[in-house]
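What follows is the residue order along each chain.
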Amino acid sequence: MTKYNELSGAIRFALLAGSLTLLATPAFAQQDEDDVEVLTAVQVTGSRIQSQAVTAASPVTEVSREDFQFAGTTRVEDLLNTFPQLAPSFDSFTVNPTTGFATADLRGLGTNRTLVLVNGHRLQPGGIRSQASDLNQIPAALVQRVDVLTGGASAVYGSDAVAGVVNFVLDTEFEGFSATAGYSAYQHNNDNEYIRGNADGTGGTRLLRRGFGFPDGDSGLDGVARHVDLAIGGRFADDAGHAMAWLTWRKNDELRQAARDYSSCALSANGRNCGGSSTAPVPNFFIFSSDGAIGGFANINPATGAFRRGVGELYNYAPINHYQRPDERYTFGGSIKYEVNQYFRPYVETMFTNTNTRVQIAESGTFFVNDLNLTCADPLIGNLCADLGISPTADLTIYVGKRNTEGGPRISAIESNSFRFVTGFDGDLNDRWYYNASYLYGRNSSNEANINDFLPSRVGDALLGCPAGSFSGCLPYNVFIPGGVTAEAAAALSGTGIRNGATELQVLNAFMSGDLGFGFASANEEPVTLVVGAEYRTNTYTVQSDANMASGNFTGLGGPRPSITGEIKVRELFMESNVPIIADAGMLSSLSLDLGYRYSDYDRAGSTNTYKLGAIADFGNFRVRGGYNRAIRAPNVGELFADQQLALFGGSDPCAGANPTFTAAQCANTGVSAAQYGNIQASPAAQYNQFVGGNLNLTPEQADTYTFGVVLTPIDRLQLSLDYYDIDIEETIRGIGAQTVLNFCGTTGDPFLCSKVRRRPGSGDLWLGSDPATAGFVENLTSNFGELRFRGIDLTAAYSMDVFGGVLSTSFVGTRFLEATTTPLPGVNDSATFDCKGLINTSCQQPEWRHTASLRFSRDFYTGQLRWRHVGSMDYIETSGNPGTTDLILVDNGNRLGSFNYIDLSGSFDFTQSINFTIGVNNILDKEPPMLGSTLTLNGNAPGGYDQLGRFFFTNVTFTY
């Protein structure tokens with residue numbers, strides 16, 4: 001019979017010896033000298049089979065507790081995003097838009113294709129802005145390790161495990177008391193020559209600054225974060241029970257883009273000048289006159305008050321935007337387990353998280369939303385018609401772009417409360433069989449206040465001078481004379497929108513695991529092991545928006561935020577089996593098969609089957625592993641139930657401008673008339689309308705994933721692994737992509753695509769207006785359409801040796817992409833297919849190679865670590881295969897974004913057996929992120945995946961006993 005030990009003795013020993021970690025790493029308990037040490041059965045990520053032999057057919061990369069400690073991590077995503085298997089999202093540095101919380105994205109296949117677990121159980125969705133799991137719920141100080149499993153795992157865990165699984169294993173066996181206090185901050189030397197206009201970018205062009213300012217010199221310490229982590233645990237009832245609890249607090253200060261020179265102005269799409277918005281403090285106008293004298297932009301000369309044609313002042317919205325969002329987070333939780341006897345062991349795990357964050361972006365404005373129907377005789381507009389050469393009898397339609405600099409920035413205040421509760425019991429059925437039954441309840445309740453945005457209904461009244469029937473409290477918003485707007489008039493136009501919502505996850509899971517009592521003679525009759533079980537899950541998602549949010553009645557909202565309510569239920573049966581085939585056959589020590597099957601019946605999406613077939617061959621100094629998985633992702637509540645509405649997408653209209661990219665014939669395919677060709681205005685913000693929404697007819701997308709790898713141990717204490725993965729997803733749940741629809745409608749004239757492009761009557765644009773009945777847009781509804789194929793190789797290495805009286809250890813994790821192909825129009829237009837490997841463009845950001853390597857030396861009371869992070873180069877080539885021409889700056893070798901290397905240094909010191917001090921600096925050389933044109937950036941002129949704010953200093957002090 002397998003013996004299940006409580007892993008406490010070595011934990012206590014490690015704590016008293018002065019562990020370098022916040023919480024000691026569990027080890028197997030030592031028996032009395034006369035006893036024989038018995039290995040504890042374990043369960044690895046990717047399987048429910050309990051075994052003493054820790055093997056896996058799918059490759060699993062482990063992120064250790066020491067990795068968190070020596071990286072100074074208080075946000076788990078900050079460390080995970082440095083690992084090459086995960087696509088960096090840097091949610092703490094995303095502002096517009098943002099989910100308000102951190103997520104995990106394996107291989108860049110999307111957060112909804114990465115399953116997040118905590119101690120092998122699902123983590124519930126995070127909030128009202130996204131149904132991805134919120135990593136903020138996970139206390140970094142309690143993380144014992146993180147297992148990153150590559151390849152599909154739906155046969156084991158169900159839906160969503162298409163790209164793989166990220167399993168956070170918390171230290172639920174902790175004993176003693178631990179308290180940690182930490183402080184971290186950024187520092188940067190603002191000396192960027194290009195942003196000052198002193199150095200050339202690509203092609204010898206200097207930056208046109210437009211008079212915008214920038215910071216200079218040492219930034220000092222900013223973006224400060226503080227944290228306190230407490231943990232306590234111990235055994236009770238003569239060691240039959242164990243309980244532990246934790247409490248953490250973290251607070252991050254805000255940091256605005258004004259604090260860094262490279263983000264101090266919003267670069268234009270071509271990166272050659274400080275761009276900005278035509279919704280400016282001194283307003284711009286978009287005017288149509290009935291006499292045809294004007295159909296475009298005009299502005300006011302602020303010195304004379306005269307109207308003139310063209311765009312005048314652009315507003316630099318960057319400085320006021322957040323670079324790092326401020327947030328404050330509390331977490332607490334614990335676990336308790338008790339062994340009544342070997343047949344019944346109840347357990348409970350709890351987690352609670354409260355997070356408050358405020359997202360600040362530039363001021364609201366009129367944003368050309370309201371159409372003012374006036375005549376040249378109207379005294380409100382003064383000499384506009386005379387100055388612009390318009391007939392005094394002409395009728396006018398005027399759109400106004402006036403920035404609310406009188407009223408201050410827009411704020412989204414988001415509060416999130418997450419609660420997760422897992423309870424169950426396990427035990428031995430007999431000498432060969434083990435069982436586990438559990439219930440999980442996870443809930444997130446969130447509320448969001450959209451503060452200080454303009455209400456279009458009020459804006460229309462105020463722009464017209466508050467005529468009879470205007471809203472109560474209306475004050476004229478006089479944009480037709482310089483300085484005509486007062487702070488009081490601006491305040492009367494602002495409102496606050498409220499959204500509240502909740503997500504719930506419930507999981508009932510029960511399984512039995514054991515051996516069948518027989519095996520093959522070729523495997524020395526080692527028994528076949530089997531897991532059989534059942535699972536029932538419900539996901540609910542409810543968002544309630546007030547009337548203004550639901551209708552999109554804010555000028556800066558970008559579209560409606562309607563209420564959503566939906567529920568998904570699934571019933572599942574599953575099984576796994578490990579089948580030993582060969583044992584002790586010469587060089588081949590063992591060969592076994594890893595099998596699995598799951599039947600899933602969704603109340604909305606129908607039934608589906610997932611399965612896996614893997615094999616592990618052990619040759620002593622090397623093991624060969626490989627497998628095939630059929631994985632699925634079922635549509636979530638938002639994809640099924642979201643209302644259909646207008647929203648914005650960043651991109652371009654190839655038929656806009658005086659010299660359109662498309663020919664007249666191509667533009668005609670998209671609905672442009674001969675008279676409109678060459679006269680359609682481009683969006684100054686490079687944002688266009690798309691019509692998006694849910695689809696109740698969605699079915700699960702299916703993925704075939706293959707992995708094959710070799711694990712080598714050529715010498716003692718050296719381990720190497722090389723793994724190949726191939727993930728092929730069909731019937732993807734997504735929109736085709738508004739830009740893809742627009743581009744390929746123009747180039748091919750395909751009726752299916754061109755039916756999705758609807759230009760605004762008269763003007764032919766795709767960005768003015770917010771009413772689907774009158775605005776132009778590109779239809780981009782969610783559907784089962786498109787394919788993805790991602791292939792690559794993971795390389796890991798670890799080695800340790802005794803040297804200089806201590807231990808020197810090294811580790812290396814690298815990933816090379818072989819393919820990252822998107823097929824948006826399968827069966828419609830194969831030329832739309834593109835491969836993102838090694839490319840950066842409006843659809844791609846996929847370095848061909850990334851790696852993280854570390855060198856660590858430990859001796860006596862101290863440990864030091866040197867870490868090297870590498871992000872490979874990327875070519876700037878459009879998805880069409882043509883070189884990019886306008887969006888990339890500060891590059892080498894023409895259209896190429898060069899590779900980046902970061903060096904980190906940290907150290908840890910045990911002053912006593914109870915006091916540990918850790919200090920470190922990440923990005924020692926203060927490397928800036930690359931600066932790109934606006935269509936290629938995540939935030940602050942930079943893409944994701946790079947250190948955003950310069951050097952990062954951190955320190956922690958830990959007390960244990």
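Quantities reported herein were computed from a predicted structural model and do not represent experimental measurements.

Things to note about the packing of aromatic side chains
Working step 1: Throughout the structure, instances matching the rule amount to 30 aromatic pairs.
Working step 2: Centroid distance Phe 285 to Phe 480: 5.4 Å. Interplanar angle 10°. Geometry classified as stacked. You can see Phe 285 sitting in strand β14 (residues 284-289) and its partner Phe 480 sitting in the loop between α6 (456-463) and α7 (487-491), a full 195 residues away along the chain. Residue Phe 285 shares its accessibility class with Phe 480, and that shared class is buried.

Some remarks on the confidence of the model for the protein
Working step 1: Per-residue pLDDT for the protein averages 88, and the proportion of residues at 70 or more is 93%.
Working step 2: Low pLDDT (under 50) marks residues 1-40, which in the prediction has 86 contacts with non-local residues, meaning those over four places away or in another chain.

Here's the deal with helix α11 (residues 738-748)
Working step 1: Counting buried residues in α11 gives eight out of eleven residues, a clear majority hidden from the surface.
Working step 2: Every buried residue of α11 is listed here: Ala 738, Gln 739, Thr 740, Val 741, Leu 742, Phe 744, Cys 745 and Gly 746.
Working step 3: Residues of α11 that are buried make contact with β30 (645-650), α10 (664-669), β31 (687-692), α12 (751-754), β35 (757-758) and β36 (777-779).
Working step 4: Downstream of α11 by one or two residues, Gly 749 has phi in the positive range, about 70°.

Side note on the sheet that holds β36
Working step 1: Taken together, the four strands give an open sheet; going across it, the order is β30-β31-β36-β35, and neighbouring strands pair in mixed fashion. The sheet terminates laterally at β30 and β35, the two strands that pair on one side only.
Working step 2: Examined bridge by bridge, β35 and β36 share two bridges and lie antiparallel to one another. Bridge pairing in β36 places Val 757 opposite Val 778.

What about the side chain of Arg 850?
Working step 1: In this structure, Arg 850 sits in strand β41 (residues 849-859).
Working step 2: Buried within the structure, Arg 850 lacks any salt-bridge partner; Asp 947 is the closest side chain of opposite charge, at an N-O distance of 8.6 Å.
Working step 3: A distance of 2.9 Å separates the side chain of Arg 850 from the backbone oxygen of Leu 86, its partner in a polar contact.
Working step 4: Sequence-distant contacts of Arg 850, defined by excluding residues within four places in its chain, comprise Asn 81, Thr 82, Phe 83, Pro 84, Leu 86, Pro 88, Val 813, Gly 814, Thr 815, His 870 and Val 871.

Notes on the pattern of salt bridges
Working step 1: Summed over all chains, the structure comprises 47 salt bridges.
Working step 2: A salt bridge links Asp 67 to Arg 856, with the nearest nitrogen and oxygen atoms 3.6 Å apart. With Asp 67 in helix α2 (residues 65-71) and Arg 856 in strand β41, this residue pair connects regions lying 789 residues apart in the sequence.
Working step 3: A relative accessible area of 16% means that Asp 67 is categorised as buried.
Working step 4: A salt bridge links Arg 760 to Asp 765, with the shortest nitrogen-to-oxygen separation between them at 3.9 Å.
Working step 5: The class of Asp 765 is buried, set by a relative accessible area of 1%.
Working step 6: Shared partners join several salt bridges into a network, and the residues in it are Arg 48, Glu 535, Arg 537, Glu 572 and Arg 598.

The rules behind these values
Residues numbered from 1 in each chain as written. Predicted model: local features only at pLDDT ≥ 70, side-chain atom pairs only at ≥ 80, totals over all residues. Heavy atoms only, no water. Phe/Tyr/Trp six-rings, centres within 6.5 Å; stacked < 30°, edge-to-face > 60°. Helix = DSSP H or I, 4+ residues; strand = E, 2+ residues; numbered from the N terminus. Buried < 20%, exposed > 50% of the residue type's maximum accessible area, 1.4 Å probe, protein only. pLDDT = per-residue confidence, 0-100. Contact = heavy atoms within 4.5 Å. Pairing = 2+ DSSP bridges. Lys, Arg positive; Asp, Glu negative; His and termini not counted. Salt bridge = Lys/Arg side-chain N within 4 Å of Asp/Glu carboxyl O. Polar contact = N/O pair within 3.5 Å; in protein donor to acceptor, adjacent residues only side chain to side chain.

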